Amino acid sequence: MSELKKADNFNYGLEKIFPEAEDFLPLLGTDYVEFYVGNAKQAAHFYKTALGFQSLAYAGLETGLRDRTSYVVVQDKIRLVFTTPMPGSGSDFIFDHLKKHGDGVKVIALWVDDATKSWEETTKRGAKSFFEPMTEKDEHGEVVRSGIHTYGDTVHVFVERKNYNGAFLPKFEPWESHYNPTPVGLKYIDHMVGNVDWGEMNKWAKFYNEVMGFANLITFDDKDISTEYTALMSKVMTNGNGRIKFPINEPAEGKKKSQIEEYIDFYQGAGCQHIAVATDDIVFTVSEMKKRGIEFLYVPGTYYDTVGERVGEIAESIELLKEHGIMVDRDDEGYLLQIFTKPLTDRPTLFFEIIQRKGAQSFGKGNFKALFESIEAEQERRGTL
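Here is a short report on the structure shown in this document.

Criteria and cut-off values
- Residues numbered from 1 in each chain as written.
- Predicted model: local features only at pLDDT ≥ 70, side-chain atom pairs only at ≥ 80, totals over all residues.
- Heavy atoms only, no water.
- Pairing = 2+ DSSP bridges.
- Helix = DSSP H or I, 4+ residues; strand = E, 2+ residues; numbered from the N terminus.
- Axes fitted to C-alpha atoms, helices over the stretch in contact; angles between N-to-C directions.
- Contact = heavy atoms within 4.5 Å.
- Buried < 20%, exposed > 50% of the residue type's maximum accessible area, 1.4 Å probe, protein only.
- Salt bridge = Lys/Arg side-chain N within 4 Å of Asp/Glu carboxyl O.

Attention now moves to the sheet that holds strand E17 (residues 351-358). Read from one edge of the open sheet, eight strands run E11-E12-E13-E10-E14-E17-E16-E15, paired in mixed fashion. At either margin of the open sheet sits one strand with a lone partner, and together these are strand E11 (215-220) and strand E15 (327-331). Strand-to-strand twist in this sheet, taken as the mean axis angle between neighbours without regard to direction, amounts to 25°. The pairing of strand E16 (residues 334-340) with E17 spans five bridges and is antiparallel. Across the sheet, leucine 336 pairs through a bridge with arginine 357, a residue of E17. Running at roughly 5° to strand E12 (residues 231-238), helix H4 (residues 201-210) makes contact with E12 and strand E13 (245-252) of the sheet. Against the sheet, helix H5 (residues 259-267) engages strand E10 (186-195), E12, E13 and strand E14 (271-279), with an angle of about 115° to E14.

In structure tokens form, the structure reads like this:
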């Protein structure tokens, strides 16, 4: 196992590494993730303070946008947009989204070479259009965007920005701020998990396969992801280069209410459950996030008694991982380290995963039981298990 200690941090390039994916779009990466929130200014401040994001761009009344206000923050390759509706009929659908779901992910935007072709290829294969291709221009060039619906009220927006050199998008201006806390080491979005209702996993896995050309990378059934009380099933869908990965979860029968059922109840439908963000130094990242007030799920100390047997030699100190509650698992390519925050919103819905891949391309199957037990402990505290 000594070679595991030398494993490098894994980074996804543009080359195709999953040949089963048709990749007829193709996708270059995640462009941005947009949240509909009750107070965009305060949400942006929180993500800057607690997760180390930096100010990037702003759009609102001052930039000619009348129906909403948006703040954009950035850390390395990750761009997050926080949008709040302004009074008026043009923003009714945002108010409706907030009333139903609370703060949550509305848009998972995908970076493409051709937003028109992406819309045409997906809609002709059965995707429901969110909006047709449109060109937005300002003095910095032009951006072409288009959109399709996916599970629940979540949408994908295709973004073509090869002819644009502005801060973010037209109608946005640079957000100059004297307050920019130092980054915590987050590099890129590794994957985003969608929770869907009973019997919906195969439907949406088929959607990503047939409509977007994704491949089914891994399938987990209720024997893989379960405890004495709760269970779920999951299919991990990926594009060809692996930069876009969407695990799709659905509940499975158990003695008590699973985390997926709890999510569906509080989010009132399907949606994005968590965003996994990569780091090259998970101990540093988690240490910094804890200093800034982020709370993580507790992992039972006994979990670490068998880590050495399961994963062999690793570069990190087991005692240090135990101190921070960081879990470790391995596959044929190497190992990974991961940890999960508690929900970042008042509803027990959205949370973040911090992941460091030391060669591994898997999802921590060996950690599922410990993770579920931690989630169940939190559900018990909330009285929702």
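From this point, the discussion proceeds with the structure in view.
Right, let's talk about the pairing of E12 for a bit. Within E12, seven of the eight residues are buried, leaving the element largely enclosed by the surrounding structure. Note: E11 against E12, five bridges, orientation antiparallel. Residue pairing in the sheet places asparagine 216 in a bridge with methionine 237 of E12. Here eight bridges tie E12 to E13, and the two strands are oriented antiparallel to one another. The partner of methionine 237 across the bridge, within E13, is phenylalanine 246. Counting the residues between successive antiparallel strands, the hairpin from E12 to E13 contains six residues, one of them, glycine 242, with a positive phi of roughly 80°.

The next subject is the pattern of salt bridges. Any two side chains of opposite charge can pair, given that their charged atoms come close. Inspection of the entire model under this criterion finds 19 salt bridges. A salt bridge links glutamate 200 to lysine 203; its shortest N-O distance comes to 3.6 Å. The shortest N-O distance in the salt bridge between lysine 291 and glutamate 288 comes to 3.2 Å. In this pair, lysine 291 and glutamate 288 are both assigned in helix H6 (residues 282-291), three residues apart and thus about one turn of the helix distant. Take lysine 291: its relative accessible area is 66%, and that puts it in the exposed class. Judged by its relative accessible area of 14%, glutamate 288 falls in the buried class. Among the charged side chains, a salt-bridge network with shared partners connects Lys117, Glu121, Lys124 and Arg125.

Counting buried residues in strand E4 (residues 78-85) gives seven out of eight residues, a clear majority hidden from the surface. Looking at chain direction, strand E1 (residues 29-36) and E4 are connected through four bridges and run parallel. Looking across to E4, one finds that tyrosine 36 is bridged to threonine 83. Judged from the eight bridges that link them, strand E3 (residues 68-75) and E4 form a sheet pairing that is antiparallel. Paired with valine 72 across the two strands is valine 81, which belongs to E4. The hairpin formed by E3 and E4 contains two residues between the paired strands, and aspartate 76 there has a positive phi angle of roughly 50°.

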